[in-house]
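# An overview of the molecular structure
In case you want the letters, here they are:
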Amino acid sequence: LDLDEPSNPQLYIELLEATFESAPQLLLSTGYLLRQSMNGDEVSAFVVVGVIFSLYSLAAKISSDDKPVFVQEYQDLIVDGCLNYRWFLRVIFWRFLEITCRMSILLLIWFGMGGWSLFIVVGFEILACSVFVLGYFCIKLNRLDIMINVLYLVNDSEKDIVYL
């Protein structure tokens, strides 16, 4: 196929991997590290390395999924042979910090109010996002086809049409 970038189905699979593997692993590993340090136990270096790699994997996948939404100046790390400060703004100061703050909030809910509270909050967010996304695309596309509506979408802003 001679492609420079991953195709849409591959991007969708990478996003699913980040959502259902890296994010829970990051949450559980960080929770384990916090619980170990709160108890005064020794923290394993393997768990710390796992947390770092999970955070990197999650941030890289989510920021690569954002790439088509931004203008060209924000997309690439190196532009004209120099490091692109706009890429750092997008990846480090937006996505990386957003993910670390999000995980910190979820950990505070987990440790402060218990596991059931975390389960309720995450379940409610998944339900709300699903209803919002499915409702929006059902109204926008005038059809109720859940599998098509969940696929990777590309927005053509000139014609205000959503292509599947």
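Our subject is the structure listed above.
Note that the coordinates shown come from a computational prediction; the quantities given were computed from them, not determined experimentally. (Residues numbered from 1 in each chain as written. Predicted model: local features only at pLDDT ≥ 70, side-chain atom pairs only at ≥ 80, totals over all residues. Heavy atoms only, no water.)

### Some thoughts on the overall build of the protein
A tally of helices and strands in the protein yields five helices and four strands. The order of α-helices and β-strands along the protein, N terminus first, is α-α-β-β-α-α-α-β-β. Relative to its 164 residues, the protein shows a buried fraction of 24%. If you take every contact in the protein between residues at least 6 apart in sequence, the share linking residues at least 24 apart comes to 49%. Summed over all atoms, the accessible surface of the protein reaches about 11,700 Å², with 68% contributed by carbon and sulfur. (Helix = DSSP H or I, 4+ residues; strand = E, 2+ residues; numbered from the N terminus. Buried < 20%, exposed > 50% of the residue type's maximum accessible area, 1.4 Å probe, protein only. Contact = heavy atoms within 4.5 Å. Areas by Shrake-Rupley, 256 points an atom, 1.4 Å probe, with all protein chains shown as cover.)

### Considerations on the side chain of Thr 30
Along the chain, Thr 30 falls in helix α1 (residues 8-39). With near-sequence residues (within four places) excluded, Thr 30 lies in contact with Val 51 and Leu 107.

### Observations regarding the nonpolar core
Counting 16 residues, the largest nonpolar core has Leu 26, Leu 27, Leu 58, Ile 99, Met 103 and Leu 118 as its most contacted members. The set of elements that each furnish at least two residues to this core consists of α1, α2 (45-66) and α3 (85-113). Apart from residues lying up to four places away in sequence, Met 103 is in contact with Ala 23, Leu 26, Leu 27 and Leu 58. (Core = buried A, V, L, I, M, F, W, Y, C linked by side-chain atoms within 4.5 Å.)

### Re α3
For α3, built from 29 residues, the straight-helix expectation of 42 Å at 1.5 Å per residue is met to within 8% by its first-to-last C-alpha distance of 40 Å. With its phi angle positive at about 105 degrees, Gly 114 sits one or two positions after the end of α3. (Expected span 1.5 Å × (residues − 1).)

### A look at the packing of α1 against α2
When two helices pack together, their arrangement is given by the angle between their axes and by how far apart the axes lie. Where α1 meets α2, the closest approach of the two axes is 9 Å, and the angle between their N-to-C directions is 150 degrees. Classed by the angle they form, the pair α1 and α2 counts as roughly antiparallel. α1 and α2 meet at a crossing whose hand is left-handed. Every residue of α2 that contacts α1 at Glu 14, Leu 15, Glu 17, Ala 18, Ser 22, Ala 23, Gln 25, Leu 26, Ser 29, Thr 30, Tyr 32 and Leu 33 is listed here: Val 47, Val 48, Gly 50, Val 51, Ser 54, Leu 55, Ser 57, Leu 58, Lys 61, Ile 62 and Asp 65. Class assignment of the residues belonging to the contact of α1 with α2 gives a composition of twelve nonpolar, seven polar and four charged. (Axes fitted to C-alpha atoms, helices over the stretch in contact; angles between N-to-C directions. Parallel < 35°, antiparallel > 145°, perpendicular 65-115°, else oblique. Left-handed = near helix turned anticlockwise from the far one by under 90°. Nonpolar A, V, L, I, M, F, W, Y, C, P; charged D, E, K, R; others polar.)

### A word on the side chain of Gln 36
Residue placement: Gln 36 occurs in helix α1. A residue is classified by how much of its surface remains accessible, and Gln 36, at 14% relative accessible area, is buried. Not counting the four nearest positions on each side in its chain, Gln 36 is found in contact with Asp 41, Glu 42 and Val 43.

### Topic: the environment of Val 49
Relative to the assigned elements, Val 49 resides in helix α2. Taking C-alpha positions, Val 49 is 10.0 Å from Ser 29, a pair spaced 20 residues apart along the chain.

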